[in-house]
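Commentary on secondary and tertiary structure
Next come the chains, spelled out residue by residue.
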4 protein chains.
Amino acid sequence: MDRLYFGSDYQEGAHGDVLARLCETNLLHTVGYGTDEFCAAARDKIRAACACPGAAVHFLVGGTQTNVTVIDALLRPWEGVVAAQSGHISTHEAGAVEFHGHKVLALPPTDGKLDAAAVRACCENYWADESREHIVMPGMVYVSQPSESGTLYSLAELRALRAVCDAYDMRLYVDGARLAYALACPENDVTLPDLAQLCDAFYIGGTKCGLLFGEAVVFPDGALLPHFFTTVKQHGALLAKGRLLGVQFDALFTNDLYFRLGASAIAAADRLRDAFVRAGCPLASSSPTNQVFVVLDDATIARLAASVVFEVWSRCDDTHAVVRFVTGWATTPADVDALIALL
Amino acid sequence: MDRLYFGSDYQEGAHGDVLARLCETNLLHTVGYGTDEFCAAARDKIRAACACPGAAVHFLVGGTQTNVTVIDALLRPWEGVVAAQSGHISTHEAGAVEFHGHKVLALPPTDGKLDAAAVRACCENYWADESREHIVMPGMVYVSQPSESGTLYSLAELRALRAVCDAYDMRLYVDGARLAYALACPENDVTLPDLAQLCDAFYIGGTKCGLLFGEAVVFPDGALLPHFFTTVKQHGALLAKGRLLGVQFDALFTNDLYFRLGASAIAAADRLRDAFVRAGCPLASSSPTNQVFVVLDDATIARLAASVVFEVWSRCDDTHAVVRFVTGWATTPADVDALIALL
Amino acid sequence: MDRLYFGSDYQEGAHGDVLARLCETNLLHTVGYGTDEFCAAARDKIRAACACPGAAVHFLVGGTQTNVTVIDALLRPWEGVVAAQSGHISTHEAGAVEFHGHKVLALPPTDGKLDAAAVRACCENYWADESREHIVMPGMVYVSQPSESGTLYSLAELRALRAVCDAYDMRLYVDGARLAYALACPENDVTLPDLAQLCDAFYIGGTKCGLLFGEAVVFPDGALLPHFFTTVKQHGALLAKGRLLGVQFDALFTNDLYFRLGASAIAAADRLRDAFVRAGCPLASSSPTNQVFVVLDDATIARLAASVVFEVWSRCDDTHAVVRFVTGWATTPADVDALIALL
Amino acid sequence: MDRLYFGSDYQEGAHGDVLARLCETNLLHTVGYGTDEFCAAARDKIRAACACPGAAVHFLVGGTQTNVTVIDALLRPWEGVVAAQSGHISTHEAGAVEFHGHKVLALPPTDGKLDAAAVRACCENYWADESREHIVMPGMVYVSQPSESGTLYSLAELRALRAVCDAYDMRLYVDGARLAYALACPENDVTLPDLAQLCDAFYIGGTKCGLLFGEAVVFPDGALLPHFFTTVKQHGALLAKGRLLGVQFDALFTNDLYFRLGASAIAAADRLRDAFVRAGCPLASSSPTNQVFVVLDDATIARLAASVVFEVWSRCDDTHAVVRFVTGWATTPADVDALIALL
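Residues numbered from 1 in each chain as written. Chains lettered and ligands numbered in written order. Predicted model: local features only at pLDDT ≥ 70, side-chain atom pairs only at ≥ 80, totals over all residues. Heavy atoms only, no water.

1. Structural notes on the environment of A:Glu79
All names here are of chain A. Following the sequence through the fold, Glu 79 ends up in strand S3 (residues 79-84). Spatially, the C-alpha atom of Glu 79 lies 35 Å from that of Ala 284, the residues being 205 residues apart in sequence. Once you skip the residues sitting within four places of it in the chain, Glu 79 turns out to touch Leu 74, His 102, Val 136, Met 137, Gly 139 and Arg 171. In terms of polar contacts, Glu 79 uses its side chain to reach the side chain of Arg 76, at 2.5 Å. Only 2.6 Å separates the side chain of Glu 79 from the side chain of Arg 171, close enough to count as a polar contact. (Helix = DSSP H or I, 4+ residues; strand = E, 2+ residues; numbered from the N terminus. Contact = heavy atoms within 4.5 Å. Polar contact = N/O pair within 3.5 Å; in protein donor to acceptor, adjacent residues only side chain to side chain.)

2. Description of the relation of the copies chain B and chain A
Superposing chain B onto chain A takes a rotation of 180° combined with a translation of 0.0 Å along the rotation axis, leaving an RMSD of 0.0 Å. Taken together, the rotation and translation describe the operation of a two-fold axis. Both copies share a contact surface, since 100% of the interface residues of chain B are interface residues in chain A too. (Least-squares fit on C-alpha atoms with pLDDT ≥ 70 in both.)

3. Quick notes on the pairing of strand S8 (residues 215-219) of chain A
Residues and elements named next belong to chain A. In terms of residue burial, S8 counts as a mostly covered element, since 5 of its 5 residues are buried. A two-sided burial pattern is seen for S8, the buried positions comprising Glu 215, Val 217 and Phe 219 on one face and Ala 216 and Val 218 on the other. Bridge count between strand S2 (residues 56-60) and S8: 5 bridges; the pairing is antiparallel. Bridge pairing in S8 links Val 57 to Val 218. Inspection of the sheet shows strand S7 (residues 201-205) paired to S8 by 4 bridges, in the antiparallel sense. Residue pairing across strands places Gly 205 opposite Glu 215, the latter belonging to S8. (Buried < 20%, exposed > 50% of the residue type's maximum accessible area, 1.4 Å probe, protein only. Pairing = 2+ DSSP bridges.)

4. Brief notes about the confidence of the model for chain A
For chain A, the mean per-residue pLDDT works out to 97, and 100% of the residues sit at or above 70. With pTM at 0.97, the complex prediction returns an ipTM value of 0.96. (pLDDT = per-residue confidence, 0-100.)

5. Digging into the interface of chain B and chain A
Much of the literature gives interface size as the accessible area that the parts lose upon coming together. Chain B puts 42 residues into the contact, and the matching count from chain A is 42 residues. The junction of chain B with chain A conceals about 3,900 Å² of combined surface from both sides, 62% of it contributed by carbon and sulfur atoms. Considering only the side of chain B, the residues that lose the most area to chain A are B:His29, B:Gln234 and B:Lys241, jointly responsible for 18% of the buried surface there. Joining chain B to chain A, the criterion identifies 0 salt bridges. Where chain B touches chain A, the interface holds 23 residue pairs in polar contact (both at pLDDT 80 or more). Broken down by secondary-structure element, the contributors of at least two residues to the side of chain B that touches chain A are helix H1 (16-24), helix H3 (63-74), helix H5 (96-99), helix H10 (228-234) and helix H11 (243-252) of chain B. (Buried area = accessible area lost by both parts, 1.4 Å probe. Salt bridge = Lys/Arg side-chain N within 4 Å of Asp/Glu carboxyl O.)

6. Things to note about the sheet that holds strand S12 (residues 320-326) of chain C
Each strand in a sheet pairs with another by means of backbone hydrogen bonds, the pair being arranged parallel or else antiparallel. All names here are of chain C. Pairing is antiparallel across the open sheet formed by 3 strands, whose spatial order is S9-S12-S11. A single partner strand is all that each edge strand has here, and the edge strands are strand S9 (291-297) and strand S11 (311-315). When the angles between neighbouring strand axes are averaged without regard to direction, this sheet yields 30°. Of the pairings in the sheet, the one linking S9 to S12 comprises 7 bridges and is antiparallel in character. The residue bridging Val 295 from the neighbouring strand is Val 322, located in S12. Strands in contact with helix H13 (residues 298-305) are S9, S11 and S12; relative to S9, the strand with the most contacts, it is inclined by about 120°. (Axes fitted to C-alpha atoms, helices over the stretch in contact; angles between N-to-C directions.)

Here's what the structure looks like:
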């Protein structure tokens, strides 16, 4: 029997609609580096989806690459980026932000999220310090929507972060690696146009949301970084056949594919959550998105591991652990049925 | 009428065999980051093609990314990389090598190539200088095979470079963005096993040679860089769905596809060269590979530009310029016929 | 009336013996960059004081410069440096370590110090993590002797840190900006030869300990970094008139000056501590070195501030704060008498 | 007999007036990091000498350090610095500019100098290139006054460079390591106020011109870099006892010392040049400053080397070489007499 895959949301290729477009366009000739008509069309669709006609949209290949390139471009050399200690840039990017010269100013998270009050306190401390010129200046706030714990920033929370950014001349950047799975949640009240209004930059993740690969960076102020193209090149992040990104994002923003595939993953995750609760397994996070964190006893973990791919997240005690199941655009109802049958 | 495309070798998607494999494997589940079975299979095929069973093979996405990551990994902080002034890293990578901290020690090329004698003289000067500790140490030699002018290093020339590297404790790195088009030339006498014997690192370019994207870095000494994976991650160059690279390179090294597509591009280029010569247009480079440089008068350039995509390389005089036509795996005999008919 | 200066230990020029040597040698001619006979003599004296005849000794100008240059030289690109959250590199060096590409892995301090058990736990977590190649590898331990809180690492504590370093292939580096004030403490049981036995690198601070400026970096294994000279140059840290550093360190290690001036500062600090305790002001740190941390009420702080320079360190409550008084080689018994008279 | 020293201009300590001020102020207490009254006074004197009351003046320790810090602060990440191939940053700073992320765009010099026409051509090529976003943008012009060959930029030449900078949005930076020896030349027509009018930044070198160490960076637009202090700290270039720089520069700009010591070195160099010409030894550079380049036969070189310190610069033929003699503030008329007597 084949195993069931709930290990992550990047374990398959691309959604069928996306792959079909890549195949259809495969032998067409275009210029390189994202200056082609497919990229132009995709940019227009993203600008429309964000209700932000003046935005600059750049396509990059992967998430860490996007984070480090955008952060590097938005920070001045003497500035650091404020992030949750659990933020992706704080933990799982091999120090790429520091490798490129900037300190991550990591704050303890609340429910997986960066709290505006904590950021404000960090800034107040900095600006109140008479020797602050010997200290890294907070220059930017980094948050992931949804967070690494699967939780969601509310519109009010993002506005509070924006207010702190405004008060202290900081930029606000949202990592949207799994943004489709936030947008599709009934609990979510932050839209793409909201992000375009609140952020200096954010990215619409494709790698985990239906594409082979690709992340679309949106700078709502299109004039903010006139030389970002060269910055991307310097980071080795410029794709020669940029049209591959354009074709894919164009497909993703056609017929609401991006929103539909998010919704299917959320429906799958919701069914899983219900099933775990019914089975008496306590949820370990309030995540309403496609990451399901649940406490299981070791016997159950061992039994499931025989036929299901998932991740043991952290130990609770000698006989229990928090386990993560991730759904995605490729998760089928049958996959969910099969997993539930195993509980 | 559709235009004829001779502008570059990255203006289409992937070879049909490669795309087919991506489609077939699209919904299979794998782990990420290149630790999957497709990557393992592709690595094995590349090791076999290089007759180098102990090699470490890493897959990256693009050429500049590969150059900067490999150079950064192989150089020590106080070292620079010796390259031709016309080398890709010297000119068209937006200073990515310097951005990552290393000087490119650029030497005048001979027929587009770096001459071993010139490299030796550079090293002799360095080591003879009593204040050399105030100077960048030559730590590596970078060459492209074929060169940016389309010319080929002979085996004797590469051995001479290797000898200089051995004499001065330098590493030798070959940029193989267009390597398929070198290997397929009758004039070529440098094989993949030769590269594996002579180089500390080289890469087998996929982006320009049949893949959607992807470059396979080969370190013949598999133990040379035990933490290269993390280095790749730090550079933002690690592809989450690494299997996309494995699938593609596996297809490329199945049924000699890599060698066959190189040969078809060379046949096309040879037909073009013959046609230009017959038409009385002097060739501007001794390139035997897939880049054809030819001197045309401005009237001809204007006439061709109406229906052909190509690049004006440099001005010769008031009425002539050097023009570059590039063939590739996607160039059809009909494309060549059509272009020749226009001469 | 002149004010009393207890603000820091770098508020004056140089000890008289040091300045005298600079004046005596001022018009002598030497070669540059630390290759002169004064530097050679100073190196020999430092090697002798460390009982480490094979050590490489390099002279740099300032503390942050020394830290960033040594850390950069000893870390490999994918490694970070473990330090206390209160460590100088974590807080007051403007992100210089990150600016040069490395993450500071900051751990909560115990009594101002980095605990070997905490470092071990950090390393165990790293090496137990299956995705550790996506995480910054701990490559080095940074501690200050005395710590930023004035506390001392015991020989047993340093040996425990060394054992963790040995277990996890990490280097151990001791920042000795105020090392003279550690060595002179009766409580101290760590000698210069101990440091040479235990560390991969440490520096003997001159700026705060009697010199105009200058820090002597000691690499007990003299063959460890054959190109450190060039590394220093690249960091802009190479002093043209290197002999100024040689002359000063030679004077500092003549007639035990380095040890004598440390002792006088400790005697002054001890008298202050006694006086504060007698005056009913609780000490806020167990520091036995030249930094005296004491809790004062705001009225006392205001009264003292009228005639004494010192630093308010942190607030305790609405009416009290921790205040820092620093003694140094330039603190006279009369200064201490005058301050005590004000309590 | 003591040897005669003409090897460089940093082989002694400080001018007597400077050393005297350091001694007088040695035990005074000040705050650190250049925020003291001595630095304030020195800044005022430098602003006055430059007729630029709004300038920001920062004191750094050494030349390479100053170059790399200023260049790093003035360049944006995607920009490089245009310099002569013989420029100090191109050759003898161990790649410090590249180490900090920027390419040096090196152009062939004319009489040791960067020609405005050559810079303009470089910029024209860049801006005419349709793929310029893949290329390093020229962002700054670096020149040394006097040049590394001892030659002088005329006011007209500097204005021409400024005009190119204005035309292409570049900054102009003048390295004044030996500026005193330019200002003191009868041939010179560029004053400190001229530099303040023409440059975005320049530095007044102290290390080679009478100080123990120290370079004064002048930004004529005092608002240009509000966080330069932190930039200096990040580079490890901030001197704790900043007052040492203030005291020295204050002395240097008291009683015209800076100009007088330049004049004495030029008088010595002029006497040497005359003597060489009279002795039939051809001068090898048109340098009118304190560096004297002369062609000598090997027998003479060997004879002089027995009692004189100087530098063999480059070979002319099998029996002759260009030799460099450097005078400085410390060169006495007796030294010159003695050398001339040996010819």
